[in-house]
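Breakdown of the fold
Listed below are the residues making up each chain.
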Amino acid sequence: MSHQHHSAPSPFRQPRAVWAVAFACVVSFMGIGLVDPILPALSVKLHASPSQVSLLFTSYLLVTAVAMLVTNLVSSRIGPKRTLIAGLVLIVIFAALAGSSHSIGGIVGFRAGWGLGNALFIATSLAVIVASASGGFGGAIILYETALGIGIAVGPLLGGTLGGISWRGPFYGVSVLMFIALIATITLVPKTPRPAERTSIAAPIAALRHRGLLIMSLTAVFYNWGFFTMLGYAPYPMHLSEHQLGLVFTGWGLLVAVFSVAVAPRLQRRFGTAKTLYANLFLLAVVLAVIGACTNSPKAVIVAVIVCGAFIGINNTLTTQAVMTVAPVPRPVASASYGFVRFIGGGLAPFVAGKLADHYNIHVPFYAGAAAFLIAIAVLATGHRILTEAERAAEETAAGQRPGAAVGEIVGVGRTGTANGNPPVVVAIDAGPAADAVTAAAAELAGRLNAPLELLHVHEIAVVGDDAVDRESYEQARARVQRRLDELAAGGVPAAGHVLRSVADHGHAGSLIAEHARAVGAQVVAIGGPSHGGVAHLLDGSASQRLIAEAGCRVMVVPPGPEPAERAATTV
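Described in the following lines is the structure provided in the data block. (Residues numbered from 1 in each chain as written. Predicted model: local features only at pLDDT ≥ 70, side-chain atom pairs only at ≥ 80, totals over all residues. Heavy atoms only, no water.)

**Points about the packing of helix α10 (residues 211–233) against helix α16 (residues 363–382)**
Between two packed helices, what matters for the description is the angle formed by their axes and the separation of those axes. Taken N-terminus to C-terminus, the directions of α10 and α16 make an angle of 165 degrees; their axes are 8 Å apart at the nearest point. The pairing of α10 with α16 is recorded here as roughly antiparallel in orientation. In the crossing of α10 with α16, the sense of the turn from one axis to the other is left-handed. (Axes fitted to C-alpha atoms, helices over the stretch in contact; angles between N-to-C directions. Helix = DSSP H or I, 4+ residues; strand = E, 2+ residues; numbered from the N terminus. Parallel < 35°, antiparallel > 145°, perpendicular 65-115°, else oblique. Left-handed = near helix turned anticlockwise from the far one by under 90°.)

This is how it looks when you write it as C-alpha cells:
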C-alpha cells in the first residue's frame, strides 16, 4: 500500500450560518428535558396537581403533531429560511409568555404556541444545516448529531440550575437563547431556495394508506406513550430538588445521545432492525414496570430512569430508520406522516397518566406505560414481514439480484460505449465537491487498465435521532449520473451509470458498494477519502473503512485536496 498523508477538513470548520442554526438546534433539543426538573416545583408553587402539570407535555405535543401536517406545506411556499425564522420567533415569544404566566393553565396554553414554533423549526433545521455546511454531507450530519447530543444532555442540567433560582428561569432562559439564535439566523444564514415541488397538506394523511408506514407510525404511538409517561411522571417519586433532578435527567440525556448516534447503528447491523426493536421495546417495558413497582424507592427510580435513556436512544434512531426504509413516498412526506401520528401518542399519554394517578395511585401510570411498550411490540409484529422484506430487498439489490427504485436498491441510469469484457473499475461518488476529482482519477485508472467504468452515485438518506434528511432528490441524483456519463462518453470512456439509494448509518453505503463491486467482478473500486477526521470520523461509521473490509478487491482512496496535484491516491 502506497500513500501520502493529508489532513482532512473537520466537520466543525463551518460557515457562521451553520453555527447559528446548530446553536438553535442545541437550544431546541434542550426543550426535551428542560421542564422535567421543575415539574414538582410547578405543582407546589402554582397549587396544581401532577395531572394538571402534565398538560405542559400534552398541549406542546398535540400542537406539534397537528403542525407536522403543514410544516412541509409552509416550507415549500416560503422557503426553509423563512420557515426556520418563523419557528424561532414563535418559540421566543411563547417561552417568554410561559415564564411570565401566573397559572398552570396559562403555561399550558403558551406551551402549545411553543410546540407550533418547534414543529416549524425541527422540520427545516437539519435541511438548512446540510445545505449550508462546507464539511460535506457527512460533516453536516456529525454537526447535527453533536447538537442533538449536547442539547439533550445539557437541557435538564440548565433546567435544574435555572429552576433552582425560580421555576420561571427555564422558560426565560430558552427565550433569551432562542432570541440570540434568531438574530444570528436572520443575519448569517443566506436565503435558501424553495423546494422544486410543493407539498400538499393532504399528502401526509394520504401516505398513511401505505401499510408499512401506518404500522411503523402506530408502533411509535405506543412507544411515545410509554416514553412520555416516564418523562412526565418519573420526577415525582424521586423527591429531589430542581438541581438534583437536573443531574438525573442529564445522565439520562447523555445515554440517549450516545446510544442514538453510536450504538443503535451497530445493533441494527448485527441483529437487524426488527429484532433489535423487539428486544429494545421489551426492555423498556421492564424498566417502566420496575419504576411502577418501586415508586417508594427513590434510588431505584433514579437508576431506572437513567438506564432508560439507553433504550430511548436506540429506539428513536431505529424506528425512524425503519420508517424511511418501508415508506414508498418522498422523505418529507413520510417524516410528516410519522411525526403527526407519533406525537399524538406522546401528547395523550401524560393526560391519561394524570387521570390514572388521580383515580388510582402513582404506580398505575407506569404499569400502563409498560403495557404500551408491549402493545408496540405486537403492532410492530404485524408489519414484521414488510420490514424484513424491505431490508432483504436492500441487500439483494445491492448484489444486483433485483431491480427497482426503493431505498437500498441500485438503479441503472444509462450506458456509454461498449464494454470489452475486462473486469470493470467501480467508482463510487455522491453529490459532494470531491466527486469530480474521484471520477477523473477513476477514469484515468480505467484507461490505463483498458477497463470499463461502473459509476455508482450514492443517494444517501441519513437518519439522525428521530429525524432524517437527504442532500438531493432522487431525480437530481439521476440527472447528475447522466451528466457524468455524457462527460465520460465525450472522453471516450465506456461506462455504465447507477444510482444507489441508501438509508442507514453513514457507513452502510460502504457495504452496499462492496456488494455491487463483488457482483460485477470489479478489479478496483475508487472512492473519495473521508471529508473529516478525529472523533467525528469515528462517529461517522466511515463508509470507506466498511468498503475496504468487504470489497474483495483493491480500493483506491482519493483524498481531499484543493488541487489535483495534492490528491495522491491511496491503493489498499
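Resuming the write-up.
**Observations regarding the packing of aromatic side chains**
A ring pair, where both rings are aromatic, is described by two values, the distance of the centres and the angle of the planes. Inspection of every chain in the model, using the stated rule, returns 11 aromatic pairs. Relative to phenylalanine 373, the ring of tyrosine 223 has its centre 6.1 Å away and its plane inclined at 45 degrees; by these criteria the two rings are tilted. On the criterion of sequence distance, the pair formed by tyrosine 223 in helix α10 and phenylalanine 373 in helix α16 is long-range, its members being 150 residues apart. Just as tyrosine 223 is buried, phenylalanine 373 falls in that class too. Aromatic side chains phenylalanine 249 and tryptophan 252 sit 6.1 Å apart centroid to centroid with 70 degrees between the ring planes, which places their arrangement in the edge-to-face category. On the criterion of helical spacing, the pair formed by phenylalanine 249 and tryptophan 252 is a turn pair, its members being 3 residues apart in helix α12 (residues 242–271). The exposure class assigned to tryptophan 252 is buried, which follows from its relative accessible area of 1%. (Phe/Tyr/Trp six-rings, centres within 6.5 Å; stacked < 30°, edge-to-face > 60°. Buried < 20%, exposed > 50% of the residue type's maximum accessible area, 1.4 Å probe, protein only.)

**Some remarks on the pairing of strand β7 (residues 554–558)**
When you tally the buried positions in β7, you get 4 out of 5 residues, the bulk of the element. Two elements, strand β6 (residues 524–528) and β7, share 5 bridges in a ladder whose sense is parallel. Bridge assignment links alanine 526 to a residue of β7, and that residue is methionine 556. (Pairing = 2+ DSSP bridges.)

**As for the pattern of salt bridges**
As enumerated under the stated definition, the model contains 4 salt bridges in all. Here aspartate 436 makes a salt bridge to arginine 484, at a shortest N to O gap of 2.8 Å. In this pair, aspartate 436 sits in helix α18 (residues 435–449) while arginine 484 sits in helix α19 (residues 474–490), placing the two residues 48 residues apart along the sequence. Owing to a relative accessible area of 8%, arginine 484 belongs among the buried residues under this scheme. Residues arginine 483 and glutamate 487 are paired through a salt bridge, measuring 2.9 Å at the closest nitrogen-oxygen approach. Of the two residues, arginine 483 and glutamate 487 are both situated in helix α19; the distance of 4 residues between them amounts to about one turn of the helix. Classification of arginine 483 as partly exposed rests on a relative accessible area of 39%. Take glutamate 487: its relative accessible area is 44%, and that puts it in the partly exposed class. (Salt bridge = Lys/Arg side-chain N within 4 Å of Asp/Glu carboxyl O.)

**Here's the deal with the nonpolar core**
The nonpolar side chains of soluble globular proteins are, as a tendency, buried together. If you look at the biggest cluster of nonpolar residues, it comprises 116 residues, and the most contacted ones within it are Phe171, Met178, Met230, Met238, Trp252, Ile291 and Val305. At 13 residues, the largest contribution of residues to this core is made by helix α14 (residues 298–326). Those residues within four positions of methionine 178 in sequence are excluded, and the remaining contacts are Ala24, Val27, Ser28, Leu88, Ile91 and Val92. If you look at the next biggest cluster of nonpolar residues, it comprises 24 residues, including Ala451, Ala477, Leu488 and Ala495. (Core = buried A, V, L, I, M, F, W, Y, C linked by side-chain atoms within 4.5 Å. Contact = heavy atoms within 4.5 Å.)

**A look at the side chain of arginine 484**
Side chain to side chain, arginine 484 and aspartate 436 meet in a polar contact 2.8 Å long. The contacts of arginine 484, once residues within four sequence positions are left out, are Ile429, Ala435, Asp436, Thr439 and Leu455. (Polar contact = N/O pair within 3.5 Å; in protein donor to acceptor, adjacent residues only side chain to side chain.)

**Details of α14**
Counted at 1.5 Å a residue, the expected span for α14 with its 29 residues is 42 Å, and the 41 Å between its end C-alpha atoms agrees. Among the 29 residues in α14, 23 count as buried, and that is most of the element. (Expected span 1.5 Å × (residues − 1).)

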